[in-house]
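The lines below spell out each chain.
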Amino acid sequence: MTFIKSKYIHRSFTELEIKNFLFESKRTAALCFLRGRRRIGKSTLLYQLQSLYKIPVFVFTGGKDEKEVTLKKRLITEWSLFNPKSNLSKMKINSILWRDIFVEFGQHANELKSPLCICIDEIQWVAKGQTGFIGQFKEAWLTLEKIKNLKIILSGSSNKFFHKYTGGEEQILRGMCTHNDIWLTDISPSVLKKEFVPHWKNEEVIFAYMCLGGVPYYWQQFDEKVNFIQTFNKACFTSSSFVLKEALEILRLEFNKAGTTTAINLLKGVGFLGKTLEQLEKVSRLPHSSASILVEKLLDYGIIKTFNDPNEKFKTTSRGQRYYIQDPFLNFYFQIIWNIKSKISRNQTNELIFASLLGSKNGFYINEFSGYAFENLVRRQLLVSVDRSEKIFKTLGLINCEFEVGTIKQSDRQIDIVIFNSTDKTDRWIECRWSQSVKEISDLIDEVLLKKNETEDLEIFIATNVVPTKTLLQKAEVNEIKLIGINDLM
């Protein structure tokens, strides 16, 4: 496939990891998995590898509804363009097995002095059903692994696929893997602003990030020539918006049609604060056995996660655990879009639905959403940032990734975010408040101090979008509390 070069955003950390995979000295072939959510930019990265590293790279992308014979025919056509000496095009398509294709990949690698990188993108659509792809790949690997120039990357968005084939030591592909999974994660707010919306204020960038996360495709929908409210409204709240179908497409990667409907029924009731299994059974009206199985799948596929409370004793059952959705877009969809999707689908005239949701003329506050979304953004940055480039890590004094992120949600006290088990043995509390009120942040300083026990040795931070006054900064300093502002999250 010929790649038409377009604007490309470098992922320095991931690119270095792939470079190490491609050029590390091994006696055998190498295999790894490139993973990441839908729309995060995996395909774009794969098509850049040849220009980045100056080695031959063949990329083939699977199609969702493509039949096996059509899939093989298209792969052979594209491979023959990449390797004109291929013998596959001379064979009858019905007689070609997957192992024949794998073996020819190896033969071509044997003829080269440089590494040959074979990338199978959207692997869940290539290795679907009863195609025999996985079994024949394992069989062919006994021959392929002897070819040290051969580098194979299997890439996909389906966590279900990777859980099924790589989820444990006994799974087929896990035993063949020679490198840790390479994850492509969110692009940072500062890079998104630079590449897509340089005229936006930092607060506008952070608000959009609270709703959509760092997914480049979503940010491509914004018109940089139009002001923030109008372009955000057009991208997310009109009949042409991508948001109406996007959540369904994400879930369909993991579930069939009926399973997607059931998953939506449960997920729309999770909420920002999370719910226990028992609570989810009530809001979804699913029987215990069905809800329990579905929650386990959603956990396995990374769609929901559990809160981690450092002060809570280990639970022997899952019924007391609270589950929440970490992905910003899915939260935005189920907390905001879901309730007004019919109104959005009828909005063909760019009616400012977004503006009508805002509860204040100052800033971007949506009742029962903005505060929780802001807390989720801070937590997510701490959990998923791969290169620690955001300023928040310096503000918090976290010099490496050896720490855990949790929360305290108990009857006697609640702390939004707790960082514990850090290398420096210092716990950190972060209270999050999306507010334009300096007084509210001043009062929060008094409140959070009352939650600290005399025996606790920890550092306290308040994350907020408020522009602090001199008096507020002085009060925070006197009480040994540090403020995390919008600029720290860029």
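Notes on the structure follow. (Residues numbered from 1 in each chain as written. Predicted model: local features only at pLDDT ≥ 70, side-chain atom pairs only at ≥ 80, totals over all residues. Heavy atoms only, no water.)

## Describing the pattern of salt bridges
In step 1: This structure, assessed with the given rule, holds 21 salt bridges.
In step 2: Between R74 and E78 there is a salt bridge; the shortest N-O distance is 3.4 Å. Here R74 and its partner E78 are both found in helix α4 (residues 68–82), four residues apart, which amounts to about one turn of the helix.
In step 3: Exposure remark for E78: the relative accessible area of 10% places this residue in the buried category.
In step 4: In this structure, R379 and E375 form a salt bridge, with 2.7 Å as the shortest nitrogen-oxygen distance. With R379 and E375 both in helix α20 (residues 370–384) and four residues apart, this pair spans about one turn of that helix. (Salt bridge = Lys/Arg side-chain N within 4 Å of Asp/Glu carboxyl O. Helix = DSSP H or I, 4+ residues; strand = E, 2+ residues; numbered from the N terminus. Buried < 20%, exposed > 50% of the residue type's maximum accessible area, 1.4 Å probe, protein only.)

## So, the packing of α4 against helix α5 (residues 98–110)
In step 1: Axis separation between α4 and α5 bottoms out at 11 Å; the angle between their running directions is 15°. It follows that α4 is roughly parallel to α5 by the angle criterion. For the pair α4 and α5, the crossing hand works out as left-handed. On α5, the residues that touch E68, L71, K72, L75, W79 and F82 of α4 are W98, I101, E104, F105 and H108.
In step 2: Per-class residue counts for the contact of α4 with α5 are seven nonpolar, one polar and three charged. (Axes fitted to C-alpha atoms, helices over the stretch in contact; angles between N-to-C directions. Parallel < 35°, antiparallel > 145°, perpendicular 65-115°, else oblique. Left-handed = near helix turned anticlockwise from the far one by under 90°. Contact = heavy atoms within 4.5 Å. Nonpolar A, V, L, I, M, F, W, Y, C, P; charged D, E, K, R; others polar.)

## Section: unusual backbone geometry
With the exception of glycine, most residues fall at negative phi, and the peptide bonds are largely trans.
In step 1: You will see that E122, though not glycine, has its phi angle at about 50°, which is positive.
In step 2: Topologically, E122 is positioned in the loop between β3 (116–121) and α6 (123–126).
In step 3: Even without being glycine, K425 reaches a positive phi, approximately 65°.
In step 4: You can see K425 is positioned in the loop between β10 (414–420) and β11 (427–433).

## Description of the state of the cysteines
In step 1: Inspection of every chain in the model, using the stated rule, returns zero disulfides.
In step 2: Unpaired in terms of disulfides, C236 finds its nearest cysteine sulfur in C211, a separation of 7.0 Å. (Disulfide = S-S within 2.5 Å.)

## Remarks on the packing of aromatic side chains
In step 1: Summed over all chains, the structure comprises 48 aromatic pairs.
In step 2: Geometrically, the ring pair formed by F102 and F137 is edge-to-face, given 5.1 Å between the ring centres and 65° between the ring planes. Of this pair, F102 sits in helix α5 while F137 sits in helix α7 (residues 133–144), and the two are 35 residues apart along the sequence.
In step 3: Positioned above the aromatic ring of Y217 is the side chain of R39, whose terminal nitrogen or guanidinium carbon lies 3.8 Å from the ring centre.
In step 4: One cation-aromatic arrangement involves R379 over Y324; the distance from NZ or CZ to the ring centre is 5.6 Å. (Phe/Tyr/Trp six-rings, centres within 6.5 Å; stacked < 30°, edge-to-face > 60°. Lys NZ or Arg CZ within 6 Å of the ring centre and 35° of its normal.)

## Remarks on the nonpolar core
In step 1: If you look at the biggest cluster of nonpolar residues, it comprises 106 residues, and the most contacted ones within it are W219, F232 and L382.
In step 2: It is helix α10 (residues 202–212) that provides the largest number of residues to this core, a total of eight residues.
In step 3: In this structure F232 touches F207, A208, C211, L212, F222, F237, F332 and F354, once residues within four positions along its chain are discounted.
In step 4: Residues I120, V126, W141 and L144 belong to the second largest nonpolar core, which totals 38 residues. (Core = buried A, V, L, I, M, F, W, Y, C linked by side-chain atoms within 4.5 Å.)

## Regarding α7
In step 1: F133, I134, Q136, F137, A140, W141 and L144 are the residues of α7 that are buried. Taken end-on, α7 shows its buried residues confined to a sector of 155°, consistent with a single buried face. (Arc of directions from axis to C-beta.)

## With respect to the pairing of strand β2 (residues 57–61)
In step 1: Counting buried positions along β2 gives five out of five residues, so the element sits mostly inside the fold.
In step 2: Because side chains alternate across β2, one face comprises the buried residues V57, V59 and T61, and the other comprises F58 and F60, equally buried.

## Describing the side chain of T61
In step 1: Along the chain, T61 falls in strand β2.
In step 2: Polar side-chain contacts of T61 include one of 3.3 Å to the side chain of Y47. (Polar contact = N/O pair within 3.5 Å; in protein donor to acceptor, adjacent residues only side chain to side chain.)

## A short note on the sheet that holds β11
Paired through backbone hydrogen bonds, the strands of a sheet run either parallel or antiparallel to each other.
In step 1: In spatial order, the strands read β9-β10-β11-β12-β13; together these five strands make up an open sheet with mixed pairing. Unpaired on one side and paired on the other, β9 (404–409) and β13 (481–484) mark the two borders of the sheet. Strand after strand, the sheet turns through a mean of 30° between neighbouring axes, direction not considered.
In step 2: The sheet contact formed by β10 and β11 spans three bridges and is antiparallel. Across the sheet, V418 pairs through a bridge with W429, a residue of β11. (Pairing = 2+ DSSP bridges.)

## Re the sheet that holds strand β6 (residues 275–276)
In step 1: What the three strands build is an open sheet, ordered β6-β8-β7; its pairing is antiparallel. If you trace the sheet from one side to the other, it starts and ends with β6 and β7 (305–306), each paired once.
In step 2: The pairing of β7 with strand β8 (residues 322–324) spans two bridges and is classified as antiparallel. Within the sheet, the bridge partner assigned to T306 lies in β8 and is Y323.

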